[in-house]
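Examining the three-dimensional arrangement
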Amino acid sequence: MCTIGLGACKQTQLLSDQEFNKEWLFFKGEAENAILVEFDDSNWRKLNLPHDWAIEGPFSKEYNARTGGLPVHGTGWYRKHFQISKVAQNKIISVEFDGAMNNANVWVNGQFAGKRPFGYIGFEFDITPFIKFGEENVIAVRLSPEDLSARWYSGAGIYRNVKLKINNKLHIPQWGTKITSKNISGSNTQVNITSSICNKYKDQKTAQLQTQILSPKGEIISVITSDIVIQAKTTGIVDQKLNVENPQVWSLETPNIYTAISNILIGGKTVDSYESKFGIREIKFTPENGFQLNGKTIKLQGVCMHHDLGPLGTAVNYRATERQMEIMKGMGVNALRTSHNPPSPEMLEICDKLGILVQVEAFDEWKIGKVPNGYNKYFDEWHEKDLRDMIKRDRNHPSVIMWSIGNEILEQGKTDGWKIAKALTEICHSEDSTRPTTAGFNYYPAPFENQLTKYVDIVGMNYWPINYEEILEANPNMIVYGSETSSQTSSRGVYHFPIEAKEQHQTNQVSSYDVTVGPAWAYPPDVEFEQQEKVKRSLGEFMWTGFDYLGEPTPYGGRDNSTHGYWNDDWPSRSSYFAPVDLCGFPKDRYYLYQSQWTTKPMVHVLPHWNWEGKEGDIIPVYSYTNCDEVELFVNGKSFGKKVKGVDLTPIPAEFHFFPKGTYLSKYRLSWDVPYQPGNIKVVAYKNGKVEAEKEIHTAGKASQINLVADRGTINADGKDLSFITVRIEDENGNLCPNANQLIEFSIEGNGVITAVGNGDATSLKAYQSKERNAFNGLCLLIVKSTEKSGIIKITAKSNSLTCSELTINSKK
Ligand code: GAL
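From a predicted model like this one, the values you see are computed outputs, not experimental measurements. (Residues numbered from 1 in each chain as written. Predicted model: local features only at pLDDT ≥ 70, side-chain atom pairs only at ≥ 80, totals over all residues. Heavy atoms only, no water.)

**Quick look at the overall build of the protein chain**
Check the secondary structure of the protein chain and you find eight helices and 48 strands. Relative to its length of 813 residues, the protein chain is compact, with a C-alpha radius of gyration of 27 Å against a globular reference of 28 Å. With respect to the three principal axes, the spread of C-alpha positions in the protein chain is 90 × 65 × 50 Å. Within the protein chain, the proportion of its 813 residues that are buried is 61%. Relative to all contacts within the protein chain whose residues are 6 or more apart in sequence, the contacts with residues 24 or more apart total 70%. (Helix = DSSP H or I, 4+ residues; strand = E, 2+ residues; numbered from the N terminus. Rg over C-alpha atoms; globule rule 2.2 N^0.38 Å. Buried < 20%, exposed > 50% of the residue type's maximum accessible area, 1.4 Å probe, protein only. Contact = heavy atoms within 4.5 Å.)

**A few points about the UniProt feature "domain: Glycoside hydrolase family" (unreviewed entry) in the protein chain**
The UniProt feature table records "domain: Glycoside hydrolase family" (unreviewed entry) at residues 706-807. Between the C-alpha atoms that bound residues 706-807 there is a distance of 11 Å. The span itself is 0% helix and 57% strand. (UniProt positions renumbered as here; feature names shortened; annotations may be inferred.)

**Let's talk about the pairing of strand E42 (residues 722-730)**
Regular strands place their side chains on alternate faces of the sheet. Among the nine residues in E42, seven count as buried, and that is most of the element. Of the pairings in the sheet, the one linking strand E40 (residues 705-710) to E42 comprises six bridges and is antiparallel in character. Bridge pairing in E42 places Asn707 opposite Arg728. Bridge count between E42 and strand E46 (residues 779-786): seven bridges; the pairing is antiparallel. Counterpart to Arg728 in the pairing with E46 is Leu779. (Pairing = 2+ DSSP bridges.)

**Some remarks on empty space enclosed by the protein**
For the structure shown, the criterion picks out six cavities of 30 Å³ or more. Within this model, the largest cavity holds a volume of roughly 300 Å³. In terms of lining residues, the largest cavity is bounded by 24 residues, among which Phe118, Tyr120, Ser149, Gly374 and Tyr375 are the most central. Size it by volume and the second largest cavity reaches roughly 180 Å³. Taken together, 18 residues form the lining of the second largest cavity, with His306, His307, Pro343, Ser344 and Met347 sitting closest to its centre. (1 Å grid on protein atoms, 1.4 Å probe; cavity = no way out; pocket = protein on both sides within 12 Å on 5 of 7 lines; lining within 4 Å. Points joined across faces, edges and corners; volume = space filled by probe spheres on them.)

**Regarding the packing of helix H7 (residues 525-534) against helix H8 (residues 589-598)**
With their axes 11 Å apart at the nearest point, H7 and H8 run at an angle of 10° to one another. One way to sum up the angle between H7 and H8 is to call them roughly parallel. For the pair H7 and H8, contact is made by Pro525, Asp526, Phe529 and Glu533 and by Arg590, Leu593, Tyr594, Gln597 and Trp598, respectively. (Axes fitted to C-alpha atoms, helices over the stretch in contact; angles between N-to-C directions. Parallel < 35°, antiparallel > 145°, perpendicular 65-115°, else oblique.)

**Notes on the UniProt feature "domain: Glycoside hydrolase family 2 catalytic" (unreviewed entry) in the protein chain**
The positions that UniProt labels "domain: Glycoside hydrolase family 2 catalytic" (unreviewed entry) are, in the present scheme, residues 290-461. The distance from the first to the last C-alpha atom of residues 290-461 is 15 Å, and the span holds 35% helix and 21% strand.

Here it is in structure tokens:
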């Protein structure tokens, strides 16, 4: 049991938020009387949060493939025994959950503290009346996610962080500051801070609110103190204006973060303190200039992302989230749409830090459900609180540029659907007047005809690239962008011949030539690139999706294009094929197609691999992606000629729903037909006639060794940090064996644990928590977590017939 007292800062006796993640007890199933203090939980499993019970599996056809083929639904209980020192007796004690999946009900010492159905929103309960100071307390949390409650893998459990907060009775409540700035281009920026101050004393309080602004380096650069009087049992609002000289603006290239520290002083003594992070930046959306950040137009090169972390499930982990966004940045991504729900607080912190713009989305359903047990069940009672809380939570993040009130909401098709859109937009504006609202519409032209599009500030279109121009001609003042685009599918390292899109292979794997095998609304990325170039006024796009995610294994087991129904008929497909990056974070070929359009540092890519034994003399289509002017292909040293980007087009068999049947000619890919002979293929990219980038693939020989490559050789000894280790199966010369699928066994010594393994195969039913994994097309992934002890972590990888391999990483305090 842990004892929690007042916070650490001795000088000012500040009270602080304390991590409340350790030493919980968990039971999967119904547990009668588990709310009671005396309940016997001695047999329950001990664990630390965040925790996702469903990722532990097993995968089974009995669960829905659309929700990951994992046991999401059912009841789960968490309990924690804790003490709070008597020193805190006159304080306010609250417990804050960043999110719990879902239908959370919380009791403290047998008394009901509160509930929250929506799994993606944070919430907090004041538990002061239930606490026995200096004695044992028990918090019990019951979660009950239902079957068929989402169209993707939601995870299950207390999957985000929990904090215990000890505050003075006069304090700034959860999400209690709102920070905006004015005149950012001048030498003096005005920062406006509106703070809520909650008085839980029985009488009126006279106090002071002192707000300090800290520069990105942490130096105090501005201070203001206001006298305040707050009536008993009320929350007062205080507006303060502070000056910041020579502001260091937040931009994609300079993601500068300021800190505001709000101190509450009674009788000149600091009795409570609250920290807010913010950025100084200006955003503007206009029909003439599109989206502008600090006066500069930026086209959105965005991705939609679900919230899971692949083999780690949905249990929030800072490093795993950061790695996802680093990989996205490497592809040229500058924006994220948090489809289709509020993200973890960590995700926004990371986007602030990396300089990535964010559209925070609230809902996938309003009143009309898409699944039998969806959010529509809770919409009437909870939508206003959920939406207000989302905005209060996220509005100080400089990365957040718009609020999405819904994705493909079925009210688009209703004549009075606009009424809900209007109400939701009004809620957003009342909480934050600085950002526009938007929604992702997939019906066309219905939401234009029934006025729904009038009640969002910016119109997002899902999968209608060919209509952007028509929409803008008919609505000259409208601001439009692709809120969801492409939905191309593919499996890493898989190539099928011939490459026609219509071919549906029975392997449950989709070819990486990326010419569309997918749902009826899908189309290759090239189509969107072309429209975005043509329609200058479009803000850009958010492609579906940045990372593969658990669940929705379209085109297998999910071919329905109208009702979002459920199929298991293509089992064992159980996770998505949509992304240019697989579930482990390994890039597929499509990653480089986006890179060739979204980045400027010279790059070139070539596909497929060059191990086609038995196809000697057959024609193999070779594709190359580059951001340079032209590419020359060499096969075994012989040139197959140069191709010029934008001039030499690649024919793609077209069967997209909005496109006349026939052949679509891509300006974005270069291609050659090459009779196969083993050896090597090499692409050389030129810019202004000068060689700028090269890539070469060799026909790999027999698999002979394992190569372990860590993303970070030193990690923090905090029991949370991760090292992601790429496991490559190579021939004796270090070439990746593109068809290798050997089983690799891992062992670990020292101050780390194996936390998960994976290989990016959307059909694998092996447990992620295992210590062994088969490679999938030459690669698998090992995720190692630090313990709280620093030192060396030694990893060994073994496989029959391959030379065993070792890797050492450091873990430091
Ligand atoms: C969209 C939907 C997404 C996802 C995608 C797959 O219609 O908004 O959530 O299902 O289709 O292509």
